[in-house]
Amino acid sequence: MSKVNVKCVASKGAVIPEYKTVGAAGADLYALVDSPITLAPGKTAMVPTGLFFEIPEGYEIQVRPRSGLAAKNGVTVLNTPGTIDSDYRGEIKIILINLGDKDFVINSGDRVAQMVIAPVIQASFSIVDELSDTTRGSGGFGSTGV
């Protein structure tokens, strides 16, 4: 799979996602806002992109943070990775949260997240009375060490 249909509100300035390098797994997603959004520390915002996708069945789009925004400003994607299902046809919006200590301003054309297209496997779930044993068992939350 290498082709994904995108409806783009280009007349308002929406930007098609783009891979910045040949080896990039994620394509950048850009904000499309009528006026700047000021994201205060601890606050969230739904940031529109002006993009609508026709994702092939058997795939999803994962919305992920941009490391530069997180490292430099404390701004990240709240529900990461956010899943866009193949049967969704609405606008892609990015839920950002400001975990930093300063206001962060989002303008149209700003790179606010990245997307990765990934295959999806739907499982068949079976109710059982017992699960198989493993060495780890039910140990979790740091049980294997720091």
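Being a predicted model, the structure only gives us computed values, none of them experimental.

A.B. asks: Which parts of the structure should I look at to understand the sheet that holds strand β8 (residues 91-98)?
C.D. replies: In sheet architecture, strand pairing relies on hydrogen bonds along the backbone and comes in two forms, parallel and antiparallel. One open sheet accounts for four strands, arranged β1-β4-β8-β6; its pairing is antiparallel. Where the open sheet ends on each side, the last strands, each with one partner, are β1 (5-8) and β6 (75-77). The mean angle between the axes of side-by-side strands here comes to 40°, regardless of whether they run parallel or antiparallel. Across three bridges, the pairing between β6 and β8 is antiparallel. Bridge pairing in β8 places Thr-76 opposite Ile-97.

A.B. asks: Which parts of the structure should I look at to understand the pattern of salt bridges?
C.D. replies: Oppositely charged side chains can form a pair if their charged atoms are brought close together. In total, this model carries three salt bridges according to the counting rule given. In this structure, Glu-18 engages Lys-20 in a salt bridge whose closest nitrogen and oxygen atoms are separated by 3.1 Å. Residue class for Lys-20 comes out partly exposed when judged on its relative accessible area of 48%. Linked through salt bridges whose partners overlap, the residues forming this network are Asp-28, Arg-66 and Arg-111.

A.B. asks: What exactly am I supposed to notice about unusual backbone geometry here?
C.D. replies: A negative phi holds for most residues other than glycine; trans holds for most peptide bonds. Pro-81 follows Thr-80 through a cis peptide bond whose omega is -10°. In this fold, Pro-81 is placed in the loop between β6 and β7 (82-84).

A.B. asks: Even after reading the chapter, I still don't get the pairing of strand β2 (residues 27-30), so can you show me in this structure?
C.D. replies: The two faces of the sheet receive side chains in turn, since in a regular strand these alternate between them. Burial of β2 is two-sided: the residues Ala-27 and Leu-29 facing one way and the residues Asp-28 and Tyr-30 facing the other way are all buried. Across four bridges, the pairing between β2 and strand β10 (residues 111-119) is antiparallel. Paired with Asp-28 across the bridge in β10 is Gln-114.

A.B. asks: Would you take a moment to explain the packing of aromatic side chains for this structure?
C.D. replies: For any two aromatic rings, the description comes down to two numbers: the centre-to-centre distance and the angle of the planes. Inspection of every chain in the model, using the stated rule, returns zero aromatic pairs. It is Lys-7 that lies over the ring of Phe-52; its NZ or CZ is 5.0 Å from the centre.

A.B. asks: What should I look at first to understand the nonpolar core in this one?
C.D. replies: Side chains that are nonpolar tend, in soluble globular proteins, to be buried together. With 26 residues, the main nonpolar core has Val-47, Val-63, Ile-94, Leu-96 and Ile-106 as its most contacted residues. Secondary-structure elements contributing two or more residues to this core are β2, β4 (44-54), β5 (59-64), β6, β8, β9 (104-106) and β10. With sequence-adjacent residues up to four places away left out, Val-63 is seen in contact with Leu-29, Val-77, Thr-80, Pro-81, Gly-82, Ile-84, Ile-94, Ala-113 and Gln-114.

Reading the values: the criteria
Residues numbered from 1 in each chain as written. Predicted model: local features only at pLDDT ≥ 70, side-chain atom pairs only at ≥ 80, totals over all residues. Heavy atoms only, no water. Pairing = 2+ DSSP bridges. Helix = DSSP H or I, 4+ residues; strand = E, 2+ residues; numbered from the N terminus. Axes fitted to C-alpha atoms, helices over the stretch in contact; angles between N-to-C directions. Salt bridge = Lys/Arg side-chain N within 4 Å of Asp/Glu carboxyl O. Buried < 20%, exposed > 50% of the residue type's maximum accessible area, 1.4 Å probe, protein only. Phe/Tyr/Trp six-rings, centres within 6.5 Å; stacked < 30°, edge-to-face > 60°. Lys NZ or Arg CZ within 6 Å of the ring centre and 35° of its normal. Core = buried A, V, L, I, M, F, W, Y, C linked by side-chain atoms within 4.5 Å. Contact = heavy atoms within 4.5 Å.

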